[in-house]
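Residue-level structural notes
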Amino acid sequence: MSQRWPLPEDAAFETLSVRAGSIRSGEREHSEAVYLTSSFTYESAAQAAAVFAGEEEGNVYSRYTNPGVRMFEERMMALEGAEEGCATASGMAAILGICMAHLKTGDHVVCSRSVFGTTVTIFAKTLAQFGVVTTFVDLVDLDQWRDAMQDNTKMLFLETPSNPLCEVADLEALVKIAHDGDALLVVDNCFCTPALQQPLAWGADIVMHSATKYIDGQGRCMGGIALGSKKLIEPMQLWQRAAGASLSPFNAWVLMKGLETLKLRMDAHCRNAQQLAWWLAEHPKVTDVHYCGLPHHPGVKLARKQQQGYGGVLSFEVDGGREAAWKIIDAVQIMSRTANLGDTRTTITHPATTTHCRLSDEDKQRAGISEGLIRVAAGLENVEDLKKDLERGLSQL
Ligand SMILES: *Cc1c(COP(=O)(O)O)cnc(C)c1O
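Residues numbered from 1 in each chain as written. Predicted model: local features only at pLDDT ≥ 70, side-chain atom pairs only at ≥ 80, totals over all residues. Heavy atoms only, no water.

Annotation from UniProt places "modified residue: N6-(pyridoxal phosphate)lysine" (unreviewed entry) at Lys213. Note that Lys213 resides in the loop between strand E8 (206-210) and strand E9 (224-228). Ignoring sequence-local partners within four residues, the contact set of Lys213 consists of Phe116, Cys190, Asn340, Leu341 and Gly342. (UniProt positions renumbered as here; feature names shortened; annotations may be inferred. Helix = DSSP H or I, 4+ residues; strand = E, 2+ residues; numbered from the N terminus. Contact = heavy atoms within 4.5 Å.)

Take the packing of helix H3 (residues 67-80) against helix H10 (residues 249-260) next. For the pair H3 and H10, interaxial distance at closest approach is 8 Å and the crossing angle is 35°. Taken as a pair, H3 and H10 cross one another with a handedness that is left-handed. Residues Gly68, Val69, Met71, Phe72, Arg75, Met76 and Leu79 of H3 touch H10, and the partners they reach there are Pro249, Ala252, Leu255, Met256, Leu259 and Glu260. For the contact of H3 with H10, the residue count by class is 10 nonpolar, 1 polar and 2 charged. (Axes fitted to C-alpha atoms, helices over the stretch in contact; angles between N-to-C directions. Left-handed = near helix turned anticlockwise from the far one by under 90°. Nonpolar A, V, L, I, M, F, W, Y, C, P; charged D, E, K, R; others polar.)

The subject of this paragraph is the domain arrangement of the protein. Once the domains are mapped, the protein shows domain 1 (7-259) and domain 2 (262-394). The C-alpha-based centres of domain 1 and domain 2 are spaced at 27 Å. Counting residues at the interface gives 32 residues for domain 1 and 36 residues for domain 2. In total, about 3,000 Å² of surface goes out of reach between domain 1 and domain 2, with carbon and sulfur atoms giving 60% of it. It is Leu165, Leu196 and Tyr214 in domain 1 that bury the most area against domain 2; as a group they hold 26% of the surface buried on that side. (Domains from an automatic or database assignment. Buried area = accessible area lost by both parts, 1.4 Å probe.)

Attention now goes to the packing of aromatic side chains. Taken as a whole, this structure holds 5 aromatic pairs when the rule is applied. Taken together, a centroid distance of 6.2 Å and an interplanar angle of 70° make the contact between Tyr42 and Phe52 edge-to-face. Residue Tyr42 is located in the loop between strand E2 (23-24) and helix H2 (45-52), and its partner Phe52 is located in helix H2; the two are separated by 10 residues in the primary sequence. By relative accessible area, Tyr42 is classed as partly exposed at 23%. Accessibility expressed as a relative area gives 57% for Phe52, which makes it exposed. (Phe/Tyr/Trp six-rings, centres within 6.5 Å; stacked < 30°, edge-to-face > 60°. Buried < 20%, exposed > 50% of the residue type's maximum accessible area, 1.4 Å probe, protein only.)

A few words on the site of the ligand. The local shell around the ligand holds 13 residues, among which Gly91, Asp188, Ser210, Thr212 and Lys213 are the closest. In the model, a nitrogen atom of the ligand is placed 2.6 Å from a nitrogen or oxygen of the Asp188 side chain. Ser210 is positioned such that a nitrogen or oxygen atom in its side chain is 2.8 Å from an oxygen atom of the ligand. For the ligand, whose free accessible area comes to 380 Å², the fraction covered by protein is 94%. For the shell around the ligand, the residue count by class is 5 nonpolar, 5 polar and 3 charged. (Near = heavy atom within 4 Å. Polar contact = N/O pair within 3.5 Å; in protein donor to acceptor, adjacent residues only side chain to side chain. Areas by Shrake-Rupley, 256 points an atom, 1.4 Å probe, with all protein chains shown as cover.)

Moving on: H10. A rise of 1.5 Å per residue sets the reference length of H10, with its 12 residues, at 16 Å; its end C-alpha atoms lie 17 Å apart and thus fit the reference within 8%. Taken as a whole, H10 has its buried residues at Pro249, Asn251, Ala252, Val254, Leu255, Met256, Gly258 and Leu259. Along its buried surface, H10 packs onto helix H1 (13-19), H3 and helix H11 (262-281). One side-chain oxygen at the N-terminal end of H10 lies 3.2 Å from the backbone nitrogen of Phe250; it belongs to Ser248. (Expected span 1.5 Å × (residues − 1).)

Moving on, we get to a nonpolar patch on the surface. A contiguous nonpolar patch, built from Val34, Leu36 and Phe250 and spanning about 280 Å² of accessible area, is present on the exposed surface. Position of Leu36 among the secondary structure elements: in the loop between E2 and H2. (Patch = residues over 30% accessible without salt bridge, like charges linked within 9 Å, V, L, I, M, F, W, Y side chains within 5 Å. Salt bridge = Lys/Arg side-chain N within 4 Å of Asp/Glu carboxyl O.)

With that settled, consider the environment of Thr346. Considering the arrangement of structural elements, one finds Thr346 in the loop between strand E12 (336-337) and strand E13 (347-349). Taking the C-alpha atoms as reference points, Thr346 and Gln237, separated by 109 residues in sequence, lie 35 Å from one another. Separated by 2.7 Å, the side chain of Thr346 and the backbone nitrogen of Gly379 make a polar contact.

On inspection of all chains with the given rule, the structure shows 20 salt bridges. A salt bridge links Asp107 to Lys154; the shortest N-O distance between them is 3.1 Å. Taken together, the residues span a long stretch of sequence, with Asp107 in the loop between helix H4 (91-102) and strand E4 (108-112) and Lys154 in strand E6 (residues 153-159) at a distance of 47 residues. A relative accessible area of 4% places Asp107 in the buried class. Using a relative accessible area of 29% as the deciding quantity, one classes Lys154 as partly exposed. A single network of salt bridges, built from pairs that share partners, joins Arg70, Glu73, Glu74, Glu84 and Lys230.

Below is the structure:
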């Protein structure tokens with residue numbers, strides 16, 4: 001029979017990321033098995049009845065549960081300090097699942113304006129179709145969050161640090177605003193991962209991830225997860241069983257392998273991003289650098305308090321608008337021209353014409369997305385090579 005391997009209560013983050021949640025099958029394998037099966041079998045009709053009735057523990061169908069997916073959930077629960085977790089097919093499925101479990105027609109949401117573009121679509125379009133209204137506010141302006149609260153506000157949603165300006169939300173203050181209004185605070189922890197930030201420890205109610213990014217860490221597969229108390233995650237599991245946004249068991253295995261190196265990778269992403277930020281800040285052709293690890297960044301104090309590292313994403317600005325920015329992007333020989341992030345490979349993108357292209361000019365200006373802004377998500381290459389790669393274009397300006 002399968003066996004769980006209990007860990008000492010005081011096991012540290014690195015130990016948990018390698019070992020938490022492992023279940024061994026009767027074959028005594030060392031690396032976790034992949035359970036590529038849609039259904040499960042029983043010794044007898046009576047056992048099937050008992051498992052279906054929930055009287056005996058066991059799996060029924062992989063849309064409901066799968067041992068490999070459960071291992072991934074349990075490892076993430078250990079890393080985020082959560083009582084329960086619900087893995088999903090993508091980060092967006094995690095966001096939708098949280099909303100479907102906790103919102104109903106007539107409810108109101110307050111959401112940071114600087115969240116992932118498709119997250120805006122979920123709130124502004126998908127949920128609006130069902131009579132859930134969302135007010136978008138400035139991530140770092142606490143007065144806007146307070147002023148947006150209504151009697152029917154049920155959820156506050158944010159990402160911190162933000163993309164691409166690296167603004168940092170005050171989690172403690174936002175937890176208080178949410179709870180004073182009997183609303184849930186949901187944090188998209190994609191940019192930090194639990195290696196750098198654990199929002200539940202600051203009082204957030206639900207934390208979610210696009211596991212597609214740093215958790216996989218190597219740009220191979222899609223996945224997502226929501227984590228929190230049993231009380232808050234069980235309704236989402238019920239929705240998930242019916243809706244079928246389940247994580248593939250194969251992807252769960254890939255993501256679990258990603259977690260084993262999470263801390264090492266995040267430390268290296270932070271180191272490369274920090275060094276690029278310092279170098280760019282002193283570069284004569286660069287007019288501004290946005291990275292919450294720089295002493296002049298408005299979010300540096302909060303980042304120091306809430307985070308155990310400043311993350312792998314930074315952005316910088318050059319004079320000359322779109323033409324100058326595109327010149328730098330077109331000159332790179334190492335960095336990948338793509339909007340993805342959280343990969344071993346460094347990526348470079350022009351937010352105004354890619355990730356934020358659907359915003360109106362006015363909204364772009366309000367969000368600080370200028371035509372001369374370039375985002376870099378630092379990968380794990382040699383940082384001197386990365387500097388030289390940016391210099392190819394910068395020297396042409
Ligand atoms: C990519 C991303 C998402 C969406 O995740 P998918 O896995 O692509 O569905 C949500 N939030 C953030 C911050 C992201 O970067």
